[in-house]
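The lines below spell out each chain.
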Amino acid sequence: MAHAGTLEIKNLSKHYRVKGRPLAVLDDVSLAIRPGEFVSIVGASGCGKSTLLRLLIGLEGDYQGEILLDGQRVAGTSLDRGIVFQEHRLFPWLTVEQNVAVGVLNAPGGQAEKRTSVQEHIELVGLKGFETAYPHQLSGGMSQRVAIARALVSRPEVLLLDEPFGALDALTRSHLQQELERIWRAEGITAILVTHDVEEAVALGDRVVIMQPRPGRIKRIVDVPLPRPRERGSLAFTAIKDDVLGEFAPAPRSALKSPSIERRPPALDWQFSY
Amino acid sequence: MQMNINLRAWTVPAALLAFWWTLTAAGWVDTRLIVPPGNVLRVAGTTLIDPVFWQAVLFSAARDVSGFASGALGGIALGVLLGTSRWAERLIGPTFHALRQISLFAWLPLLSTWLGYGEGAKLVFIALSTLYPVTLGAFEGVRAVTRHHAEVARVYCFTRQQILFRLILPAAAPQIATGLTLGLVSAWVATIGSEFLLANWGNGLGNIIIKGRAAFNVELIIVGMLAIGIVGSLLNHVAARIERRALHWQPRH
Amino acid sequence: MTVASHDAPVLAWESPPPLPQQRWVAAARTALRIAAQGLGRTTSGLVLPLLVLALWTTASQRRWVPEQLLPAPALVWQTLQELWTSGDLILHLGYSASRVGWSLGIGGSIGLALGFGLALSRTMRAYLLPSFNVISQFPVLGWVPLLIIFAGIDEALKISAISIAVVVPVTLNTLRGLENIPPALLEVGKVYRFSPPQLLWRVLLPAAAPSLFTGLRQAVMQAWVSLVFVELLASSEGVGYLIVWGRQLAQPDLVAAGMIVIGAIGLLLDGGLGRLERRLQSWRRPAY
């Protein structure tokens, strides 16, 4: 089991310079993530959620504020933090096994240990038997699973996912969402998922962070105190989903009062036509 | 249908051969110039059992391969440098492209001034002829590495050596292979050309042809030409084979 | 580092942020990069040639290398000027140009005819294509000794040798260009009942034009390479001959001058054709 990391984001701001003028992408974002938690981040395009993830993984720097993993400042990329992108980004010249092994290339430990980890993770994502296949022989869903295995094989403390299922068809997407939940529980790590699919966010997250664009800020954080595995058809689920969706409606709406349906006495519904 | 097509492919060469034979047999042409095919076969026979001939083939091939190898290695290194480093491309790039315009054989007299007519000059010339296609291929290949893959390398903390050998070179392999194939063709042309132009009565297929020309032995010239063509094709075949094995991870269209 | 993350090259050798020890190395690199960017492409491209020129001048002045091997740059320039003013340069260029011109004409026509024939007639393709494939792999200069026997060493030899070099790329590119015409376009021609000349002029030629032009470019470059080879081997005039003459007279300044002329012509030819290609094909939208 990987050790689940504690991630703290304090007053994070980032801006780019466009034609000499600063363009604020993130503005004073603060979030404390508990170890082993699954956090979903939703937002429309341009709200900076991908930038947030890139800052967390270390692909971008030059920010104001603090990002702390287990109390240590995050600087650059590291094997403590894994990421799954929207594209699988597998190396086409490597087999499935070799691609997953890329994840432990620079990890400490012996060769035998690494090989075991690679094999375990290939099984974990359900691709046992496909070790010698090449990416061009795999479907989109399978390739993304390899990417997940690659991200987890070095047993990072945090797993970041940037719209991982956005490029897949709806059937594969829902199947992989369930798989992701299973894998997360098996590995016991902290996970942060960025998505624009509200249903996915509520189905997978312990908390849903709603971000608003221009500049990127956290609008609201919604708890999802539902038992796992989540029943997507249940009333409670739909209520929370509507609650989150409501944040994206053009006119501000207050949160739903309660999940119960109010029933008016039938008699009052009758009206005579004349 | 397949058989028909294959037969048809042979009709033209067969017809030409028949025409050639008739011309010489009927004495319509000066047989010292247009030699009868029979004579060519006879000379081919004697040449093929002559160890001097095989020695010459080996010499030419060895020159070709060593020149090609040095040119190819240099070309890959230069191409990777120009592709990865923006300021290297700005400083060296324009000079490289300008020098490329100097037609290949125009370098020979200069090389012979500096290095004489011996092996050194020929090897440098062959390496030079390989350098350009391979550099261009490697450059294209490096450019083709996607930002997505480069980010994956950063996420997994690749060292510079790992970036070069585990990301850039494999990703650029298809374009490098194309460059190497073109370089191989150039190298063989340069080998034979340098043997013609830097004639020092040494060893090589080119020299055999020169001897043939000096002795007005047209049959020998033809045999030499055939040998050049066959060795060239063989090299290309081997190269294509190696290329296919190395790039077996690519999807077949 | 204040360089925005967008601008980092795809294959950044340094991953952000740099360790404190490497910071001033990175700063030096940044300074160099900014200098190169600031200088602009043409200027930074000139740095290396100017350095080489400086080295060359010093080397010849201080006689690090004997004069027979390394001519002084000033001498080369002088030789170039003399060639120009005495009219010799134009004379030799004329010879070379006429050879290339004739060869392009002869080789080009044969190549076009062959290419069209192979593309349009299945029978022709069955009979000729395999033989053509075999012959096209054979390097042009392999033909030269045989041609010398038959045609001597005068113009006929050179033009025939260069024509052979031209035929191959023209045929291949014409064939490929015609084969790659989308059948949909041909069907339009059929629907509107184009006559053969109309089909040729309005559909085939424009659609195959890019490949035809590529064929022309390759043919010109091949012609130029073969020209130099043939003139080095067996000629008494032409730019290639200039180089040989300089070599034989042990005048490396002449050799260098000849090389510069050849390089300049090559640059003009390739650059000019490239520009022409871009103008003629403005209707194409490339992927990048």
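As the structure is a computational prediction, the values presented were derived from the model and not from experiment.

Criteria and cut-off values
Residues numbered from 1 in each chain as written. Chains lettered and ligands numbered in written order. Predicted model: local features only at pLDDT ≥ 70, side-chain atom pairs only at ≥ 80, totals over all residues. Helix = DSSP H or I, 4+ residues; strand = E, 2+ residues; numbered from the N terminus. Buried ≥ 20, exposed ≤ 12 C-beta atoms within 10 Å, placed from the backbone. Contact = placed C-beta atoms within 7 Å. pLDDT = per-residue confidence, 0-100. Nonpolar A, V, L, I, M, F, W, Y, C, P; charged D, E, K, R; others polar.

Peer 1: Would you mind going over the overall build of chain A with me for this structure?
Peer 2: Scanning chain A from N- to C-terminus turns up seven helices and 10 strands. By principal-axis analysis of the C-alpha atoms, chain A measures approximately 85 × 50 × 35 Å. Among the 274 residues that make up chain A, the fraction classed as buried is 39%. Look at the contacts in chain A between residues 6 or more apart in sequence, and 70% of them connect residues 24 or more apart.

Peer 1: Would you mind showing me how to read the overall build of chain C here?
Peer 2: Helix and strand counts for chain C stand at 11 helices and zero strands. Its helices and strands taken in sequence order, chain C reads α-α-α-α-α-α-α-α-α-α-α from the N to the C terminus. Buried residues in chain C amount to 31% of all 288 residues. The contacts in chain C between residues at least 6 apart in sequence include a share of 70% that link residues at least 24 apart.

Peer 1: What's the story with unusual backbone geometry in this structure? I'm lost.
Peer 2: Among all residues save glycine, negative phi is the norm, and among peptide bonds the norm is trans. Residue and element names in this part refer to chain A. Going from R214 to P215, the amide bond is cis rather than trans, its omega being -5 degrees. Note the cis peptide between R228 and P229, where omega equals -5 degrees. In this structure, P229 sits in the loop between β10 (217-223) and α7 (235-246). Positive phi, normally seen in glycine, also occurs at D70, with a value near 55 degrees.

Peer 1: Just checking my understanding: could you explain the confidence of the model for chain C for this structure?
Peer 2: All names here are of chain C. Residues at a pLDDT of 70 or more form 86% of chain C, whose mean pLDDT is 79. Here helix α1 (residues 23-39) is the element of chain C with the lowest mean pLDDT, 69, and helix α4 (residues 88-120) is the one with the highest, 88. Residue range residues 1-9 is modelled with pLDDT below 50. Its contacts to residues more than four positions away, or to other chains, number 10 contacts. Per-residue pLDDT stays below 50 along residues 12-16; that stretch engages in eight contacts with residues further than four places along the chain or on separate chains. The complex prediction reports pTM at 0.79, with the ipTM value standing at 0.83.

Peer 1: Please explain the interface of chain C and chain B as it appears in this structure.
Peer 2: Contact with chain C, which involves 48 residues of that partner, is made by 53 residues of chain B. Every element with two or more residues in the side of chain C that touches chain B is listed here: α1, α2 (41-61), α5 (122-136), α6 (140-151), α9 (196-233), α10 (239-248) and α11 (252-280) of chain C. The element that contributes the greatest number of residues to the side of chain C that touches chain B is α11 of chain C, accounting for eight residues. For the side of chain C that touches chain B, the class distribution of residues is 35 nonpolar, nine polar and four charged.

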